[in-house]
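# Tertiary structure, described
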Amino acid sequence: MARDLNIGMVGYGFMGRCHSNAFRTAPNFFDLPRRPVLKAACGRDAAKTQAFADRWGYETTETDWRKLVERPDIDLVDICVPNDLHAEIAITAAKAGKAVITEKPLARTAAEGEAMVAAVEKAGVPNLVCYNYRRMPAVTLVKQVVDSGKLGRIYHYRAKFLQDWTISPDVPQGGAGTWRLDVEAAGSGVTGDLLAHCLDTALWINGSVDSLTAMTETFVKERVHAATGKAQPVGIDDAAAVLTRFANGSLGTFESTRYARGHKALYTLEINGEHGSLAWDLHDMNRLAWFDHRTEGAFRGWTSILVTDGEHPYLGKWWVPGLIIGFEHSFVHTMADFIAAMDSDTPAGPTFRDALETTRVCDAIIASGRSGAWQTL
Ligand SMILES: NC(=O)c1ccc[n+]([C@@H]2O[C@H](COP(=O)([O-])OP(=O)(O)OC[C@H]3O[C@@H](n4cnc5c(N)ncnc54)[C@H](O)[C@@H]3O)[C@@H](O)[C@H]2O)c1
């Protein structure tokens, strides 16, 4: 019988739901050494937290995350709250000897992130940052193809993440749902929120970034703050366009915005190598486009691979070939991999230390956006 893994969930919003669903679903499809138990849900509003706990099957509730973290019956603290709380909760949880998962980005700044890395490494507790896109099967397949050398030398890595939900100047900053527009809560705008996903995938697949230059822009300069009711300067970046040089000699281009009318969550990536190219689009997430220059000329062209076969990453655990999976499955894969590896010497990534590199790149983007100068990492 697998030992219980008692989970304390902080936050019951979008990610609190995604992670709860993942912990409930993972053991039904994956063989895990520990059985996730939804032990306690934590939120500031007692009635809402109880309603969340009832819906998802949490045994108990807390309204103060410090109480949750202190509880001897909690093994894993899962941080699904705005970015300004990640560091304090993670460091306190690590000191209490708990395993820690935090939502991305690791932290608002690399300085905060360094303290988090030091805390989990000193305590020796399993840790992970939930960059879930790595575990979309088609994206994991990209990693496998690149690692296999099939693309040969990599020349270009390009990615973008586009949305359009903050174009109206009437969208406030701060508060529920709009904390992402408040630099205090979020740390940065699209860079830490959206581009961080693209960067995590890129660093994982294509290695580290040596240097970069960025343009950032804040299109709406003032917004009413939910806390004060007053118009205040906006401190986040609304859009970012970035050029990078990777350590492997390839060039990267990254773009992110919340001002691309018509796009809700358009995450795309493309890699061009010596022998071929790969392209992926979140809106068609079960497909991977593949071009192999070594194919006989008359038959050479882009191939659309439906990534649903048993030999594709994770898919052998799901349905039958041809049947697709969705966004939520990437979280199931993340939790399954984390639990499978948490008592081993090879942790599931990205660990806090891995994710610190992404936060360092984010910091460099913000710095370059301000100064206009190239940043060396
Ligand atoms: N991996 C992804 O695809 C993805 C997607 C969305 C958000 N995120 C990340 O997840 C985190 C949460 O984002 P979200 O979209 O779930 O936000 P959300 O606004 O939907 O939910 C935030 C939750 O935090 C709670 N909260 C705020 N302060 C709290 C406190 N002091 N104590 C306890 N609870 C508190 C809120 O009540 C709410 O339940 C962020 O770090 C965000 O960047 C990741």
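Structure first, text after, so check above.
Below or above, wherever it landed, is the structure these notes cover. (Residues numbered from 1 in each chain as written. Predicted model: local features only at pLDDT ≥ 70, side-chain atom pairs only at ≥ 80, totals over all residues. Heavy atoms only, no water.)

## So, the site of the ligand
Rules: Note on definitions. A residue lies near a molecule or strand when any single heavy atom of the residue is within 4 Å of it. Definition of a polar contact: a pair of N or O atoms within 3.5 Å, with one able to donate and the other able to accept a hydrogen when the atoms are protein atoms, and with sequence-neighbouring residues admitted only if both atoms are side-chain atoms. Using a 1.4 Å probe, accessible areas were evaluated by the Shrake-Rupley method; residue-level cover was limited to the displayed protein chains. Using a grid of 1 Å spacing that covers the protein atoms alone, one calls a set of points a cavity when a 1.4 Å probe fits there but cannot get out, and a pocket when the set is open and has protein on both sides within 12 Å along at least five of seven lines; lining residues are those with an atom within 4 Å of a point. For a cavity or pocket, the test is whether more than half of a molecule's atoms lie within 2 Å of its grid points; if they do, the molecule sits there.
Looking at the ligand, there are 23 residues lining it, with Met15, Asn83, His86, Lys104 and Asn132 nearest. For the ligand, an oxygen atom lies 3.0 Å from a polar atom in the backbone of Phe14. Notes on the ligand: free accessible area 850 Å², of which the protein chains cover 87%. Taken atom by atom, the bulk of the ligand overlaps the largest pocket.

## Some remarks on the sheet that holds strand β8 (residues 209-217)
Note the following rule: Pairing between strands is defined by DSSP: at least two bridges between them are needed. The helix and strand labels rest on DSSP assignments: H or I over at least four residues marks a helix, E over at least two residues marks a strand, and numbering proceeds from the N terminus. Contacts between residues were defined by any pair of non-hydrogen atoms, one from each residue, lying within 4.5 Å. Interaxial angles span 0 to 180 degrees and are taken between N-to-C directions of axes, which are lines fitted to C-alpha atoms, for helices over the stretch in contact.
Read from one edge of the open sheet, nine strands run β16-β15-β14-β13-β7-β12-β11-β8-β17, paired in mixed fashion. Where the open sheet ends on each side, the last strands, each with one partner, are β16 (302-306) and β17 (375-376). Sheet contacts for helix α8 (residues 190-206): β7 (154-162), β8, β11 (239-246), β12 (251-257) and β13 (266-273); angle to β7, the most-contacted strand, approximately 155°. Against the sheet, helix α10 (residues 352-371) contacts β8, β11 and β17, and its axis sits at roughly 50° relative to β8.

## Remarks on the pattern of salt bridges
The test is simple: Whenever a carboxyl oxygen of Asp or Glu lies within 4 Å of a side-chain nitrogen of Lys or Arg, that contact is scored as a salt bridge. Relative accessible area decides the class of each residue, using a 1.4 Å probe on protein chains only: under 20% of the type maximum gives buried, over 50% gives exposed, and in between gives partly exposed.
A full pass over the atoms with the stated rule returns 21 salt bridges. Arg180 is the salt-bridge partner of Asp193, the closest N and O atoms lying 3.3 Å from each other. Of this pair, Asp193 sits in helix α8 while Arg180 is found in the loop between β7 and α7 (183-186), placing the two residues 13 residues apart along the sequence. Classification of Asp193 by relative accessible area gives buried; the value is 9%. Linked through salt bridges whose partners overlap, the residues forming this network are Arg3, Arg34, Asp75 and Asp343.

## Focus on the layout of surface pockets
Where we set the bar: Grid points are joined across faces, edges and corners, and a volume is the space filled by probe spheres set on the points. Under the convention adopted here, Pro, Cys and the residues Ala, Val, Leu, Ile, Met, Phe, Trp and Tyr are nonpolar, Asp, Glu, Lys and Arg are charged, and Gly plus all remaining residues are polar.
What the largest pocket holds in volume is close to 1200 Å³. Residue composition of the lining of the largest pocket, by class: 21 nonpolar, 13 polar and nine charged. Reported here for the second largest pocket is a volume of approximately 380 Å³. Secondary structure elements with two or more residues in the lining of the second largest pocket: α7, β8 and α10.

## A look at helix α9 (residues 327-341)
Formally: In a helix, the anticipated span is given by 1.5 Å times the number of residues less one.
Helix length check: α9, at 15 residues, gives a terminal C-alpha distance of 22 Å against a target of 21 Å (1.5 Å per residue), a fit within 8%. The element α9 is largely enclosed, with a buried count of 11 among its 15 residues. Every buried residue belonging to α9 is among His329, Ser330, Phe331, Val332, His333, Thr334, Met335, Ala336, Phe338, Ile339 and Ala341, and all of these are buried.

## So, the environment of Leu199
Tracing the backbone shows Leu199 in helix α8. In this structure Leu199 comes out as buried when scored by relative accessible area, which is 1%. Taking the C-alpha atoms as reference, Leu199 lies 36 Å from Ala298; in sequence the two are 99 residues apart. What Leu199 contacts, discounting residues up to four positions off in sequence, is Phe254, Thr358, Val361, Cys362 and Ile365.

## Details of the nonpolar core
As a reminder, the rule being used: Take the buried residues of types Ala, Val, Leu, Ile, Met, Phe, Trp, Tyr and Cys, join any two whose side-chain atoms come within 4.5 Å, and each joined set is a nonpolar core.
Grouped together as the largest cluster of nonpolar side chains are 108 residues, with contacts concentrated most on Phe254 and Trp280. Sort the elements by how many residues they give to this core and α8 lands first, with nine residues. If near-sequence neighbours (up to four positions away) are discounted, Trp280 is found in contact with Tyr133, Met136, Ala138, Val139, Tyr267, Thr268, Leu269, Met285, Arg287 and Leu288.

## Concerning the state of the cysteines
The cut-off we apply is this: Note on disulfides: each one is a pair of cysteine sulfur atoms within 2.5 Å.
In the structure shown here, the tally under the stated rule is zero disulfides. Cysteine Cys130 shares no disulfide, and the gap to the nearest cysteine sulfur, in Cys80, comes to 7.4 Å.

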